[in-house]
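Listed below are the residues making up each chain.
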Amino acid sequence: MSADPGRDSAPARTQTAAGSRRCWISVGSNVQREASIRGAVADLRRYFGPLRISPVYETEAIGFEGEPFYNLVVGIETDLGVAEINRTLRAIEDAHGRVRGPNKFAPRTLDLDLLTWGEAAGAIDGCELPRDEILKYGFVLAPLAQAAPADRHPVDGRTYAELWAQMAPHAQPLTRVALDLRAPP
């Protein structure tokens, strides 16, 4: 797979400058999708700097009946800890009208989940990393394989491209969406 031109930075790599880690964040929306995704990417840039951005895919809602989702992944480089990253992600969701309720599977303006924190694995600050969604859902793995094909899953050890090649024939249908999220000049 080739990298998408929708990136702000150099090619993906897991470990970065001293003290900094490459982290991957899943981004999804099925309410005001384009505006929510654009707003989230702008806020992620503001908080974390240059981003590595996958292509955007449209998928049907899983676990409930609702409008289709737009999904992508974003790579950041940061020296922040997991708890601080997650607080920032929740604040961005809230700023874009995310409503939290008892039903995990419900429509949402924005869903931001930390997928990886460098090569770390295990429970870190109450977050199990890498998130199991990487190996469960095509709408997470496909964009990750596009953005970071040679990066390896911290536990499984295979590259995201290898994992996607195995999952693709059985994955939920994905439709690539032409949504330019590159940083303005």
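Definitions and cut-offs
Once a new chain begins, its residue numbering starts again from 1 and follows that chain's sequence as written. The predicted nature of this model means local features are confined to residues of pLDDT at least 70 and side-chain atom pairs, given and counted, to a pLDDT of 80 or more, with totals for whole chains, interfaces and linings taken over all residues. Computation of side-chain values covers all heavy atoms of the structure but excludes hydrogens and water. Comment: elements are numbered from the N terminus, with helices defined as DSSP H or I runs of at least four residues and strands as E runs of at least two. Any two residues whose heavy atoms approach within 4.5 Å at even a single point are treated as in contact. Method for areas: the Shrake-Rupley scheme with a 1.4 Å probe, in which residue coverage is limited to the protein chains shown. Within this scheme, the nonpolar core is defined by two criteria: the residues are buried Ala, Val, Leu, Ile, Met, Phe, Trp, Tyr or Cys, and they are joined through side-chain atoms within 4.5 Å. With a 1.4 Å probe rolled over the protein chains alone, any residue whose accessible area is under 20% of its type maximum counts as buried; one over 50% counts as exposed, and the rest are partly exposed. Orientation is described by lines fitted to C-alpha atoms, with helices fitted over the stretch in contact, and by angles between N-to-C directions that extend from 0 to 180 degrees. By definition, any crossing whose near helix is turned counterclockwise from its far helix by less than a right angle is left-handed, and any crossing with a clockwise turn is right-handed. Each residue gets one label: Ala, Val, Leu, Ile, Met, Phe, Trp, Tyr, Cys and Pro are nonpolar, Asp, Glu, Lys and Arg are charged, and the others, such as Gly, are polar. Contacts described as polar in this section are N or O atom pairs within 3.5 Å, which, within protein, must combine one atom able to donate a hydrogen with one able to accept it, while residues neighboring in sequence count only if both atoms come from side chains. Think of it this way: DSSP has to see at least two bridges between two strands before they count as a pair.

**Section: the overall build of the chain**
- Looking only at helices and strands, one finds five helices and eight strands in the chain.
- Along its sequence from the N terminus, the chain presents helices and strands in the succession β-α-β-β-β-α-β-β-β-α-α-α-β.
- Counting contacts in the chain only where the partners sit at least 6 residues apart, residues at least 24 apart contribute 68% of the total.
- Accessible surface for the chain amounts to roughly 8800 Å². Of this, 51% is attributable to carbon and sulfur atoms.

**Points about the nonpolar core**
- Val27, Leu44 and Leu72 are the most contacted members of the largest nonpolar core, which has 30 residues in total.
- Those elements that place two or more of their residues in this core are strand E1 (21-29), helix H1 (33-48), strand E4 (69-78), helix H2 (82-95), strand E5 (111-117) and strand E7 (127-129).
- With five residues, the single largest contributor to this core is H1.
- If we ignore the near neighbours within four places in the chain, the residues touching leucine 72 are Ile25, Ser26, Val27, Ile37, Val41, Ile53, Ser54, Pro55, Val56, Pro143 and Leu181.

**Quick look at the packing of H1 against H2**
- Where H1 meets H2, the closest approach of the two axes is 10 Å, and the angle between their N-to-C directions is 145°. By crossing handedness, the relation of H1 to H2 is classed as right-handed. Residue-level inspection shows Ala40, Asp43, Leu44, Tyr47 and Phe48 of H1 in contact with H2, the latter providing Ile85, Thr88, Leu89 and Ile92.
- Here the contact of H1 with H2 is composed, by residue class, of seven nonpolar, one polar and one charged.

**Regarding the side chain of aspartate 111**
- Its location among the elements puts aspartate 111 in strand E5.
- A relative accessible area of 17% places aspartate 111 in the buried class.
- Looking at aspartate 111, its side chain comes within polar contact range of the side chain of arginine 108, at 3.2 Å.
- In contact with aspartate 111, other than residues within four places in its own chain, are Ser26, Val27, Gly28, Glu93 and Arg98.

**Notes on unusual backbone geometry**
- Across the junction of leucine 129 and proline 130, the peptide omega takes the value -10°, indicating a cis bond.
- If you trace the backbone, proline 130 turns up in the loop between E7 and helix H3 (133-136).
- Of note, the phi angle at glutamine 32 is positive, near 50°, even though the residue is not glycine.
- With respect to the helices and strands, the residue glutamine 32 is situated in the loop between E1 and H1.

**Comments concerning the pairing of strand E3 (residues 56-59)**
- Two elements, E3 and strand E8 (residues 175-177), share three bridges in a ladder whose sense is antiparallel. Note that in E8 the partner of valine 56 across the bridge is valine 177.
- Summarising the sheet, E3 and E4 pair through three bridges and their orientation is antiparallel. Its bridge partner being in E4, tyrosine 57 is matched across the sheet by asparagine 71.

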